[in-house]
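What follows is the residue order along each chain.
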Amino acid sequence: VSTLKGKHFISIDQLSNDELKGLLAASHQYKEIYSDKSKPLPRPLNGHSVSMIFQKRSTRTRVSTETGMSLLGGHALFLGPSDIQLGVNETMRDTASVLSRFNDIVLARVYAHADIIELAKYSSVPVINALSDLHHPLQTLADLMALQQHFGTDLTGKTVAWVGDGNNVLHDLMLGSVKMGMNVHIATPKGYEANADVLAKTIELAKENNCQVVTTNVAEEAVKGADVVVTDTWVSMGQEEEYAKRVKEFEGYQVNTELMGKANPGAVFLHCLPRHPEEVTDEVIYSDASLVFPEAENRMWTVMAVMAAQMGKV
Ligand code: CP
Ligand code: NVA
C-alpha cells in the first residue's frame, strides 16, 4: 500500500491487485483499532489536514472523511459550493495551487471528471476523487470491504451482478471486482451502458485474472448465478431533469424480492446510497440479504486507509 504514498487517488484502475487488497486489509485494521474508544487512539495524521471540495451534495462521503480524519488525529475542512471562490471567482488551477499550500490532501466531489484531472494536475499534494461523473473509487473500497466481511477475505470466483445505470459507481466496482478475481454481470437498459473505455479495461483485466464479464440488457440474465446484486439510483446528481425519461426507460430494472430470488441462494445486496424506491424495494433493502448499512459504515474505515496510505502511514 505504501505505493499510494504521495499519489493521487483517482480511480480503482490505478491500483494493482495487491495494492487494492492492501488498502482493504488496512481498512479492516482501522475498524478494529478505532472501534474501541476505551483505549487511547493512535493519531498517525496528527497535524495533517484535508480540504474537501464538494460541488454536489453528500452525506456519507462528507461525514466519513471528516470523522475519519479526526479519528486519525488530523483536521478536515468542508468546502461546499458557496463556501469558496472556486467556480465563481477562481479557477480549479488556482484553487489547487492555493489549497496545496495549506493542506496535506485535497478531496473533491465534482461533476466533470476533467475537473478532478485538472485538480490533480495542479495540486502539489495528493488528491482524492470523492465522485466525478466517471468514477467513485472510495465507494468500491467500502463495497469490497463489506463483501469480505460477509464472505471472507478471498472473494475469488464470486459473481457480482449490477442491475441499473452504467454509471460512475459501476465503473470502479467492475474494475475492483475483477481485480479481486470476481466475475461481473452487468445489466443496463439500452443507451445506459457503462463507459466503453472502462468496460474494455475491465474485460482486459478480467482475462488476466481468470474471470468473466458479461453484459446484457436483461436484469434476470445478470442476476443468474450471482452472489451479489448491486444497484444505484437511476438518476445521478446532475441528471435530475431526465428523471421522468429515466424512470420510464429503466422499467423492469427494479431490484425486488422476485429478482433477488433469481440470484444464487444466499446472495447479498449492495447499494451505495442514497437510494430511491424505484430502483430497489424496501423489502430488499431492509432484508437480511442487504449489506447496505455496513457498506455505508465502511466508507469511513476505507477513506481512513486511503488518507493514511497517501501520507505514507500504511
Ligand atoms: N455513497 C455516497 O457517496 O454517498 P454520499 O453522496 O452521501 O456521499
Ligand atoms: N451515481 C450517484 C452516486 C451517488 C453517491 C451519483 O453520481 O449521483
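Just so we're clear, the structure is a prediction, and the values are computed from it rather than from any experiment.

A.B. asks: Would you explain the nonpolar core in this entry?
C.D. replies: Inside soluble globular proteins, nonpolar side chains tend to come together where they are buried. Counting 63 residues, the largest nonpolar core has Phe9 and Met307 as its most contacted members. Two domains each donate at least three residues to this core, and these are domain 1 (2-135 + 299-310) and domain 2 (139-295). Setting aside its immediate chain neighbours within four residues, methionine 307 contacts Leu45, Val50, Thr65, Gly68, Met69, Leu72, Ile105 and Ile128.

A.B. asks: I tried to follow the domain arrangement of the protein on my own but got confused; where do I start?
C.D. replies: Interface size is often expressed as the accessible area that is lost when the parts come together. Domain boundaries in the protein define domain 1 (2-135 + 299-310) and domain 2 (139-295). Domain 1 and domain 2 are separated by 25 Å when their C-alpha centres are compared. On the side of domain 2, 26 residues touch domain 1, which itself brings 27 residues to the contact. For the pair domain 1 and domain 2, the summed buried area comes to about 2,300 Å², and 64% of that belongs to carbon and sulfur atoms. Joining domain 1 to domain 2, the criterion identifies zero salt bridges. At the junction of domain 1 with domain 2, the criterion picks out nine residue pairs in polar contact (both at pLDDT 80 or more). Of all the elements in the fold, those that place two or more residues in the side of domain 1 that touches domain 2 are helix H1 (17-35) and helix H12 (292-310). A per-element tally of the side of domain 1 that touches domain 2 places H1 first, with eight residues. Across the side of domain 1 that touches domain 2, the residue classes break down as 11 nonpolar, seven polar and nine charged.

A.B. asks: Any chance you could explain the site of ligand 1 here in plain terms?
C.D. replies: Taken together, the residues surrounding ligand 1 are Ser58, Thr59, Arg60, Thr61, Arg109, His136, Gln139, Cys272, Leu273 and Arg299. Side-chain polar atom of glutamine 139 to a nitrogen atom of ligand 1: 3.0 Å apart, as the coordinates give it. In this structure the site holding ligand 1 corresponds to the largest pocket. Partitioned by chemical class, the residues of the shell around ligand 1 number two nonpolar, five polar and three charged. Lining the shell around ligand 1 are residues from two domains, each supplying at least three of them: domain 1 (2-135 + 299-310) and domain 2 (139-295).

A.B. asks: What's the story with the environment of aspartate 197 in this structure? I'm lost.
C.D. replies: Relative to the helices and strands, aspartate 197 is located in helix H7 (residues 196-208). You can call aspartate 197 exposed: its relative accessible area is 62%. A C-alpha to C-alpha distance of 26 Å links aspartate 197 and glutamine 254, two positions 57 residues apart in sequence.

A.B. asks: Could you clarify how one ought to interpret the sheet that holds strand S5 (residues 159-163) in this entry?
C.D. replies: Pairing between sheet strands relies on hydrogen bonds along the backbone, with the strands arranged either parallel or antiparallel. Pairing is parallel across the open sheet formed by five strands, whose spatial order is S7-S6-S5-S8-S9. Here the strands that pair on one side only, and so sit at the sheet edges, are strand S7 (213-216) and strand S9 (268-271). Neighbour-to-neighbour, the strand axes of this sheet turn through a mean angle of 20°, independent of strand direction. Bridge count between S5 and strand S6 (residues 183-187): five bridges; the pairing is parallel. Bridge pairing in S6 places valine 163 opposite alanine 187. Those strands touched by helix H5 (residues 137-151) are strand S8 (228-231) and S9, and its axis lies near 160° from that of S9. Strand contacts of H7: S6 and S7, with the helix running at about 145° to S7, the strand carrying the most contacts.

Analysis parameters
- Residues numbered from 1 in each chain as written.
- Chains lettered and ligands numbered in written order.
- Predicted model: local features only at pLDDT ≥ 70, side-chain atom pairs only at ≥ 80, totals over all residues.
- Heavy atoms only, no water.
- Core = buried A, V, L, I, M, F, W, Y, C linked by side-chain atoms within 4.5 Å.
- Buried < 20%, exposed > 50% of the residue type's maximum accessible area, 1.4 Å probe, protein only.
- Domains from an automatic or database assignment.
- Contact = heavy atoms within 4.5 Å.
- Buried area = accessible area lost by both parts, 1.4 Å probe.
- Salt bridge = Lys/Arg side-chain N within 4 Å of Asp/Glu carboxyl O.
- Polar contact = N/O pair within 3.5 Å; in protein donor to acceptor, adjacent residues only side chain to side chain.
- Helix = DSSP H or I, 4+ residues; strand = E, 2+ residues; numbered from the N terminus.
- Nonpolar A, V, L, I, M, F, W, Y, C, P; charged D, E, K, R; others polar.
- Near = heavy atom within 4 Å.
- 1 Å grid on protein atoms, 1.4 Å probe; cavity = no way out; pocket = protein on both sides within 12 Å on 5 of 7 lines; lining within 4 Å.
- Sits in = over half its atoms within 2 Å of the grid points.
- Pairing = 2+ DSSP bridges.
- Axes fitted to C-alpha atoms, helices over the stretch in contact; angles between N-to-C directions.

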